[in-house]
Structure formats: structure tokens, C-alpha cells
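These are the residues of each chain, in order.
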2 protein chains.
Amino acid sequence: MEIEEMSENECLALLERSTIGRLGCSLEDQPYVLPVYFACEARHIYVLSTLGQKIKWMRANPKVCMEIDEIASQSQWESIVLNGRYRELSEPLDEVEVSRARKLLGTRHRWWINALAERRTQTDDLSIAPLFFSIDIESMTGLRAIAREESGASPK
Amino acid sequence: MEIEEMSENECLALLERSTIGRLGCSLEDQPYVLPVYFACEARHIYVLSTLGQKIKWMRANPKVCMEIDEIASQSQWESIVLNGRYRELSEPLDEVEVSRARKLLGTRHRWWINALAERRTQTDDLSIAPLFFSIDIESMTGLRAIAREESGASPK
């Protein structure tokens, strides 16, 4: 197996075809990681959420990290780690961007069912409006592993 | 789709059959998330690593979060989020535990190849010793989504 760095364009291509990532935020140096469905366009990662711990934490500390990967096997995978900033979208101020995020997410996910179901476990209030946010990418690095013929080394 | 909480035993069962998780650490409230191969036994999550950013950060701030999931589809998945503390294992002090971690990881992963390959991208020094650490679980919660017949709601 060989590991090589991915170019910026290769990272963006993986982001654009991916639908799930692991989002990390932190508050008072306690990290918090959770899976999110997303859509990416022009270095913005759009996520639909309802109000919960992650939103409260990212409002308090907008520095976030996200990991996105495609793992075919232990010796064949791609993984991106990116740093970005949380930016909450609100209507009518961000109406155009919310509309775009809604369209991007709607074509790829059954996101409305997931979000409502998630919320339903915590409250009976089904009228809670969904909340869109963007992770604006500031930097990212990607690594790719490629399977090669191995010489059969084994652990001690 | 319905979402329900997983019991402690269901969380532990998922941890014991999983091999990959997303580890989050943070330093000065900058989160960092990356995938790790692991093995879990008795509320300890064992990971093999070489020295890098994550080790330096966890030495400085041992509070970590880990997310582990099995995603069959968007409406059928299990996901655990756990908080724990980073604890570095060293020989000869932790010899018994290192030996156990080596055995647990060795039977499930080609971990030695991955770790060396990762290191090889950064340095020509192949003699760098692998480093084992444990995430000692302090708390965890799990959610499970179960597909049900839907009434065909669609996004606006």
C-alpha cells in the first residue's frame, strides 16, 4: 500500500460526490464529533439541522473540522480533513443561499425525514423549522491509499 | 423512519464489532477529526499510531470524542458518540496492556502496514516505533434509525 497526497481538485471532487461527513466542533476544549449529511458547492459545505448541541456549540465557537472519506478497504481509501468556519444561514437575509442549499440537499438526501425524525426523539413539537448552515472551507488536506503488491510482512 | 436510543450493551456490541471510528480532539478550541482503526475491550478503545498532530494534541488535552457508526442506508443506521480520555501506553510500564492491544488489533487489521505507510509519507525513517494508546470511555450515547413504511412526504 502506498499513501499519497491528494490535490486540491481531487479533494473538491471527493467532497462533491460525498453525502456524509463527520463534523467536529469543540467548546472549552471538549471536542464533539457527529455524522452529518451535506452537499458541497464552491467551497461551502451545506448542512440541514435542527437546534441541538452542535448548533449551540458552533454558535459559541465557529471553528470546526470535518472529515470525509471513501473507504473501499483498509488498503484502498481516500480521506480529507478540512478546517472551516460555521456560518448560520437565515431567511430572509440569506434567502438565495438557503434556496440553493435546499435544492442541493433535496436532490441528494431524504434529509427532511432524517431531520424531523431526529427532532422527534427529543420533542413532540413537529413544527420546529429546519436550520441551514454552511461550513466555509478555509484549508484542507487529503490522503489516498492505493493497494500495491505486498511482500507479505506480518505483525510481530 | 424511527430513531431510538441504544442501550449501553447495544453500544458496546457495536463498538466490539467495529474496526474504524472517527476520533476528535481539540487544542485551543480548534477541533481536529480523523479516522482511526481500533479495537475495543472492556470500555477501552485501543489504537495504534505513529507520532503526529493527533498525538501531540491529545498529550496537551486528553479530552477526546469518538464517533462510530454502521450506516446501511440513510434510514437504517446506528451511531455512537462517546467521550473519553486519552491515555498513552508505554513499555515496560504498560506491558500487559500493550501486549493485549497488539493482539486485539493484530487479529483484525493490517494495522502495521497502514501505520508504516502513513509515516512513510512524512519521513524516510522506517524505524519509528509504533505507539499504542487507549481512549478510556467515560460516557456514551447511541442512536439507531429503523426504516418504516413512509407516507411519501416530499421536500418543499
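The preceding data block contains the structure.
Residues numbered from 1 in each chain as written. Chains lettered and ligands numbered in written order. Predicted model: local features only at pLDDT ≥ 70, side-chain atom pairs only at ≥ 80, totals over all residues. Heavy atoms only, no water.

Enquirer: Looking at this structure, I do not really get the overall build of chain A. What am I missing?
Expert: Within chain A, the secondary structure is distributed over four helices and eight strands. In sequence order, the secondary structure elements of chain A are arranged as β-α-β-β-β-β-α-β-β-α-α-β. For chain A, with 156 residues in total, the buried portion stands at 51%. Residue pairs at least 24 apart in sequence account for 71% of intrachain contacts in chain A once pairs closer than 6 positions are excluded. Here chain A has roughly 7,600 Å² of accessible surface; of this, 49% comes from carbon and sulfur atoms. (Helix = DSSP H or I, 4+ residues; strand = E, 2+ residues; numbered from the N terminus. Buried < 20%, exposed > 50% of the residue type's maximum accessible area, 1.4 Å probe, protein only. Contact = heavy atoms within 4.5 Å. Areas by Shrake-Rupley, 256 points an atom, 1.4 Å probe, with all protein chains shown as cover.)

Enquirer: Explanation requested: helix α3 (residues 95-106) of chain B in the structure shown.
Expert: For an α-helix the count is 3.6 residues per turn, leaving residues at separations of three or four pointing the same way. Residues and elements named next belong to chain B. Taking 1.5 Å as the rise per residue, α3 with 12 residues should run 16 Å; its terminal C-alpha atoms sit 16 Å apart, in good agreement. All buried positions along α3 are accounted for by E97, V98, A101, L104 and L105. The buried residues of α3 occupy an angular sector of 130° when projected down its axis, which confines them to one face. Pointing more than 90 degrees away from the buried face of α3 are the exposed residues V96 and K103. (Expected span 1.5 Å × (residues − 1). Arc of directions from axis to C-beta.)

Enquirer: What am I meant to see in the side chain of B:N61 here?
Expert: Position of B:N61 among the secondary structure elements: in the loop between α2 (53-60) and β6 (63-73). A polar side-chain atom of B:N61 sits 2.9 Å from the main-chain carbonyl oxygen of B:S26. Apart from the residues within four sequence positions on either side, B:N61 is in contact with A:D29 and B:S26. (Polar contact = N/O pair within 3.5 Å; in protein donor to acceptor, adjacent residues only side chain to side chain.)

Enquirer: Help me out: how do you make sense of the packing of aromatic side chains in this one?
Expert: When we look at a pair of aromatic rings, we describe it by the centre distance and by the angle of the planes. Residue and element names in this part refer to chain B. Scanning the entire structure with this criterion turns up four aromatic pairs over all chains. Aromatic side chains Y86 and F133 sit 5.1 Å apart centroid to centroid with 55° between the ring planes, which places their arrangement in the tilted category. In this pair, Y86 sits in strand β7 (residues 76-88) while F133 sits in strand β8 (residues 131-146), placing the two residues 47 residues apart along the sequence. Each member of the pair, Y86 together with F133, is buried. (Phe/Tyr/Trp six-rings, centres within 6.5 Å; stacked < 30°, edge-to-face > 60°.)

Enquirer: Looking at this structure, how should I read the pairing of strand β5 (residues 44-49) of chain A?
Expert: All names here are of chain A. The element β5 is largely enclosed, with a buried count of five among its six residues. With three bridges connecting them, strand β4 (residues 39-41) and β5 associate as antiparallel partners. By the bridge assignment for β5, A39 is matched with Y46. Connecting the antiparallel pair β4 and β5 is a turn made up of two residues, with A42 showing a positive phi of about 50°. Both β5 and strand β8 (residues 131-146) contribute to a ladder of six bridges, which runs antiparallel. Residue pairing across strands places L48 opposite F132, the latter belonging to β8. (Pairing = 2+ DSSP bridges.)

Enquirer: Looking at this model, I keep getting lost on unusual backbone geometry. Mind explaining?
Expert: Both trends apply: most residues other than glycine have a negative phi, and most peptide bonds are in trans. Residue and element names in this part refer to chain A. The amide bond that connects E91 to the next residue, P92, takes the cis arrangement and shows omega of 5°. Even without a glycine there, the phi angle at A42 is positive, about 50°. Mapped onto the secondary structure, A42 falls in the loop between β4 and β5. With a relative accessible area of 54%, A42 lands in the exposed category.

Enquirer: Please clarify how the pattern of salt bridges should be interpreted in this entry.
Expert: Two side chains with opposite charge may pair up if their charged atoms get near one another. Enumeration according to the criterion identifies 26 salt bridges over all chains in this entry. Linking B:R22 and A:E67 is a salt bridge whose minimum nitrogen-to-oxygen distance equals 3.4 Å. Of the two residues, B:R22 is situated in strand β2 (residues 20-27) and A:E67 in strand β6 (residues 63-73); the pairing between them involves two chains. Residue class for B:R22 comes out buried when judged on its relative accessible area of 5%. Of the residues examined, A:E67 reaches a relative accessible area of 0% and is grouped as buried. In this structure, B:E78 and B:R144 form a salt bridge, with 3.0 Å as the shortest nitrogen-oxygen distance. With a gap of 66 residues between them, B:E78 in strand β7 and B:R144 in strand β8 connect regions that are remote in the sequence. There is no split in this pair, since B:E78 and B:R144 are both buried. Residues participating in the shared-partner salt-bridge network are A:E4, A:E10, A:R17, A:E70, A:E78 and A:R144. (Salt bridge = Lys/Arg side-chain N within 4 Å of Asp/Glu carboxyl O.)

That is the geometry; function is a separate question.
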